[in-house]
Amino acid sequence: TDQFAHHPDARYWIPTLDEWIKGGFYDPNYGGTGIGGWWWNTPAATNEPLIHGPPGIGQANSAFSLPDDGHYRIPLGAYPTVQSPWGLLDMAGATAEWSGTVDAPSSIPLRLVMGSHWTRSDVGIDSIPRIGHDYPSLPSLFNGLRVASAVPAPGAWLVAVAAGAWCLRRRR
């Protein structure tokens, strides 16, 4: 709770509110490769509300219960066809996710929490997202986290391949 932003040179971090929303809802190739500019209403690259239910029936692990608390034991990745335009899974349901964004900096800062969780009863809450806040020091089954990293720029790979091809040509 003492660091208000991730270090600029960090390789991995808990995403900020902006990074989490973009990762779940922004389509970088909506108009074609490299032509973005579209925000979907759900983290499944659709504007249709998600169907909440168990794998094989639903698209999100929230707003339903199974006997013997089975909804708590659905593994990550159980909804493989529901992914964001960036390929992120499990953006809807299971646990709400911690953010690196501080809400109300004070002596004990609150962190933003986004998304839905297992037993949340209000269906449709995964459209551009449900945002709340909590104290990170309090244990909760309803809050989890996602780890972010930098997305490599396609230009770097192109330069590396071209340089490699040029070096191979020079060896002849």
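Structural data are supplied above this passage.
A brief structural summary.

Rules used throughout
For every chain, the first residue of the written sequence is number 1, and numbering continues from 1 along that sequence. Thresholds applied to this predicted model are a pLDDT of at least 70 for local features of residues and 80 or more for the giving and counting of side-chain atom pairs; totals over whole chains, interfaces and linings are not thresholded and use all residues. As a convention, hydrogens and water are excluded, and side-chain values are obtained from all of the structure's heavy atoms. Only DSSP runs of H or I with at least four residues qualify as helices, and only runs of E with at least two residues qualify as strands; both kinds are numbered from the N terminus onward. Burial classes follow relative accessibility: with a 1.4 Å probe on protein chains only, a residue under 20% of its type's maximum area counts as buried, one over 50% as exposed, and anything between as partly exposed. Pairing of N or O atoms within 3.5 Å defines a polar contact, subject to two protein rules: one partner must be a possible hydrogen donor and the other a possible acceptor, and residues neighboring in sequence count only if both atoms are side-chain atoms. Here, residues are in contact when the closest pair of their heavy atoms is within 4.5 Å. A cavity, in this analysis, means grid points on a 1 Å lattice covering only the protein atoms where a 1.4 Å probe fits yet has no way out; a pocket is instead an open set bounded by protein on both sides within 12 Å along at least five of seven lines, and a residue lines either one if it has an atom within 4 Å of a point. Grid points are joined across faces, edges and corners, and a volume is the space filled by probe spheres set on the points. Here the term charged refers only to Asp, Glu, Lys and Arg, the term nonpolar to Ala, Val, Leu, Ile, Met, Phe, Trp, Tyr, Cys and Pro, and the term polar to all other amino acids, Gly among them. Note on aromatic pairs: the rings of Phe, Tyr and Trp (six-membered ring only in Trp) are paired at centre separations within 6.5 Å, and the planes decide the class, stacked below 30 degrees, edge-to-face beyond 60, tilted for the rest. A strand pair is defined by DSSP finding two or more bridges across the two strands. Any carboxyl oxygen of Asp or Glu within 4 Å of a side-chain nitrogen of Lys or Arg constitutes a salt bridge here.

Thoughts on the side chain of H52
Secondary-structure assignment places H52 in the loop between β3 (38–39) and β4 (96–103). Residue class for H52 comes out buried when judged on its relative accessible area of 16%. At 2.8 Å, the side chain of H52 forms a polar contact with the side chain of S62.

Some details on the environment of W118
Its place among the elements puts W118 in the loop between β5 (110–114) and β6 (131–134). Given a relative accessible area of 11%, W118 falls into the buried group. For the pair W118 and Y72, spaced 46 residues apart in the sequence, the C-alpha separation amounts to 6.9 Å. The contacts of W118, once residues within four sequence positions are left out, are N61, S62, A63, F64, H71, Y72, A94, T95, L141 and F142.

Examining empty space enclosed by the protein
Evaluation of the coordinates by the stated rule reveals one cavity of 30 Å³ or more. Counted as a void, the largest cavity has a volume near 60 Å³. Surrounding the largest cavity, P43, Q59, A60, Y79, V82, L89, D90, M91 and A92 form its lining. Of the residues contributing to the lining of the largest cavity, the split by class is seven nonpolar, one polar and one charged.

Digging into the packing of aromatic side chains
Any pair of aromatic rings gets described here by the distance separating the centres and the angle formed by the planes. Per the counting criterion, the structure on display carries five aromatic pairs. With centroids separated by 4.8 Å and ring planes inclined at 55°, the aromatic side chains of Y26 and W39 adopt a geometry described as tilted. You can see Y26 sitting in strand β2 (residues 26–27) and its partner W39 sitting in strand β3, a full 13 residues away along the chain. The exposure class assigned to Y26 is buried, which follows from its relative accessible area of 17%. Considering the side-chain rings of W38 and W40, the 5.8 Å spacing of their centres and the 70° angle between planes classify their relative orientation as edge-to-face. According to the relative accessible area criterion, W38 is partly exposed, its value standing at 29%. One aromatic cluster is present, built from ring pairs that chain together Y30, W38 and W40.

Some thoughts on the sheet that holds β6
Spatially, β6-β5-β4-β7 is the arrangement adopted by the four strands of the open sheet, whose pairing is mixed. Among the strands making up the open sheet, the edge pair consists of β6 and β7 (143–144). For β4 and β7, the ladder comprises two bridges, and the chain directions are parallel. Within the sheet, the bridge partner assigned to E97 lies in β7 and is G144.

A look at the pattern of salt bridges
Applying the stated criterion across every chain yields a total of one salt bridge. Notably, a salt bridge pairs R146 with E97, separated by 2.9 Å at the nearest N-O pair. With R146 in the loop between β7 and β8 (148–149) and E97 in strand β4, this residue pair connects regions lying 49 residues apart in the sequence. You'll find R146 and E97 in the same group, each marked buried.

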